[in-house]
Structure formats: C-alpha cells, structure tokens
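Fold and contact review
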Amino acid sequence: MSVMERHERQRMLPIVWEGKPPRQRVGLALGGGAARGIAHIGVLEVLEEEKIPIDCIAGTSAGAIAGGLYAAGISPAQMRKAVHGLHWLEIASFAMPKMGLFNFEKAAQWIEDTLVNRPSTFEELAIPFAAVAADIVRGELIAINTGKLSAALRASASVPGIFNPTRLGERLLVDGGTLNNLPVSVARRLGADYVIAVDLLPPGSVGGKEPGNVMELTVTALYMLMRSTHNEGAEADRVIMPAIGHVSLFDLGRSEELIEAGRTATQQAIAQIKQDLGFPKDLTSAPVRDTLGID
C-alpha cells in the first residue's frame, strides 16, 4: 500500500452497520529467515488454537515453505514432526560452484514427501497462497500462485550465491527476499483486508553469531540488506516478531526453541488481533469460528 493509499484510508469515515458486518478477510505475510523460518510453526499453532481464520497467505523463502505447507493442509503439529532433527544435507547437496554452492533439488523432494496425499499444486490448495520469488534476469518480483507447489517453494527459498537458482518456465528465480522479504502487499492482492505479518529479522540482530565460513557470511550479509531495504512491516495491520535475534540463520537444531519463540510472540499479540477483528470480549468456550459466522 502506498503512502497516498494509507492517507486515503485514514480519511475514510467509519462505517456503522445496521446489520451484522461481514468479517474482515485475514491474510498472513510470512517473512524469510532461513532456519529461523521454523518459528512460523509456533505462530500458526497459536493462530489455530485461538481460532483466527486465515483466508490467504503470502510467503517469502522459509515463510513460503511454511505458508505453502499450511495452505496444503499440513498442520503445525505435522510440521513440528517434519522439522524435528532436520539437517541441511537432507534438503541440499554440494554442487559444482557455477551459480551456487549447493543444489536445492533435495528441498523440492522433501516438500513433496511432506505433501504425500495432500494437494501438490496451487490450484488444489484449500487456502489461496502465493510464494514470492525474484527473477534474477529481469529484476522482477514474482508472486507464484499457479503450477507445482514444490517447485515454487524451492524457487522462493533459493538464496543467491548459496543455492542454485530455480528455472521456472522462462524465468531464472532466486530467493524472494532479495526484493521483498515480508510480502504484505502480496497478501493484500490475494484479498486480505487485515494482514498479520511475521518478521523473523529483528532490527540490529540478523546473524546471531559471528559467521564461521563464507556461506554464513554471504547469507548473513544478504539478510542484513533485506532487513534494511526490503521490509513492508509498516504496511501490515499487526506485526509478530519472535525474539530470535540470537539464533543463527543456519541453526536447524534449535527447532523447539524457535517454535516456542513463535508461540510466545503470537500469544503476546493475540488479544490485540482479536480486538482488531471484532472478536466478542466475553467469549470463553464458544467456538470463535461459529460465533463469527465462519465455516
């Protein structure tokens, strides 16, 4: 949303409904953050527990993987199981250094294995979803919302210089975070009235520790650039920022800690989110979806 559009929204008169107002369509914008993307699982857990309806999802890089799996019907509990004990060499393999140090084909296979007996294309998804990638040749932001899910998620997470880029049709695609690491605008284009953004790159603390090799140095520098220049957090209605600045972008071994951080940050924001969405204040045990007229 542009500055002019924000000003226009601020000048709009409040609407008083005589009947029951339609609920706001809720969208998620899930940001990238390499291994920190595991924190998205905790966020999704709490949103489900609190019966927050999710109408559409836009995700970049690790956020695309979490969002795509969720849109395909993979529960947060199943995601927990899938990432438990996960190692980088299970999703990437060494490659000849032409355009990347690692081949990311294993990641696509891991996604397909996780999606067994689940929708595997965008057209089959229960929740509208877009994976954000970047066309490295044309310099264009690409919101992928058609075709094979595993290929799109792999493309969105192909960190340039580390993983080989992904060829999708005529495009050569890399990590969408190079152009938009928190795709709030994409979530709005998917139809969201109210956007909850999940930012995994706390200001001032991207790496978590001193890089130990050229791969860690490259990715840390890239995410520092993303943090400073490509963030639409100000355009979201609510931003959830887990306290994970101390966790390395490469540390897949801290999955439980990351999930718990995602849960904690979402629990801290949930009262305000419910207020924004007009949840009844005296609601205790009644299902929120039924109360709001949600299927």
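Here is a short report on the structure shown in this document. Given the structure is predicted, the values throughout are model-derived calculations rather than measurements.

1. Here's the deal with helix 10 (residues 255-276)
With 22 residues, helix 10 should reach 32 Å at 1.5 Å per residue; the first-to-last C-alpha distance of 30 Å fits that figure. Most pronounced at I270, the bend in helix 10 amounts to some 45 degrees. Buried residues of helix 10: S255, L258, I259, A261, G262, R263, A265, T266, A269, I270 and I273, and no others. Buried residues along helix 10 sit against helix 2 (39-49), helix 4 (76-83), strand 10 (194-198) and strand 11 (238-240). Just beyond helix 10, the residue with positive phi is G278, at close to 80 degrees.

2. Brief notes about the packing of helix 2 against helix 10
At a minimum axis separation of 6 Å, helix 2 and helix 10 run at an interaxial angle of 40 degrees. By the angle between their directions, the pair helix 2 and helix 10 is classed as oblique. Regarding helix 2 and helix 10, the two cross each other, and that crossing is right-handed. Within the contact between the two elements, helix 2 uses A39, I41, G42, V43, E45, V46, L47 and E49 and helix 10 uses L258, I259, G262, R263, T266, Q267 and I270.

3. Notes on the side chain of T60
Tracing the sequence through the fold places T60 in strand 2 (residues 56-60). The exposure class assigned to T60 is buried, which follows from its relative accessible area of 0%. Setting aside its immediate chain neighbours within four residues, T60 contacts L30, G31, G32, V132, S156, D175, G176, G177, N180, N181 and P183.

4. Observations concerning the pairing of strand 2
Judged by how many residues are buried, strand 2 sits mostly within the fold: five of five residues are covered. Residues C56, A58 and T60 line one face of strand 2 and the alternating positions I57 and G59 line the opposite face, and both faces are buried. Note that strand 1 (residues 26-30) and strand 2 share four bridges and pair parallel. The residue of strand 2 that forms the bridge with L30 is G59. Crossover strand 1 to strand 2 through helix 2 is right-handed. In the sheet, strand 2 pairs with strand 5 (residues 129-135) via four bridges, with the strands oriented parallel. Bridge pairing links I57 to F129 in strand 5.

Parameters at a glance
Residues numbered from 1 in each chain as written. Predicted model: local features only at pLDDT ≥ 70, side-chain atom pairs only at ≥ 80, totals over all residues. Heavy atoms only, no water. Helix = DSSP H or I, 4+ residues; strand = E, 2+ residues; numbered from the N terminus. Expected span 1.5 Å × (residues − 1). Bend = angle between axes of the 7 residues up to and from the residue. Buried < 20%, exposed > 50% of the residue type's maximum accessible area, 1.4 Å probe, protein only. Contact = heavy atoms within 4.5 Å. Axes fitted to C-alpha atoms, helices over the stretch in contact; angles between N-to-C directions. Parallel < 35°, antiparallel > 145°, perpendicular 65-115°, else oblique. Left-handed = near helix turned anticlockwise from the far one by under 90°. Pairing = 2+ DSSP bridges. Right-handed = clockwise from strand over helix to strand, strands pointing away.

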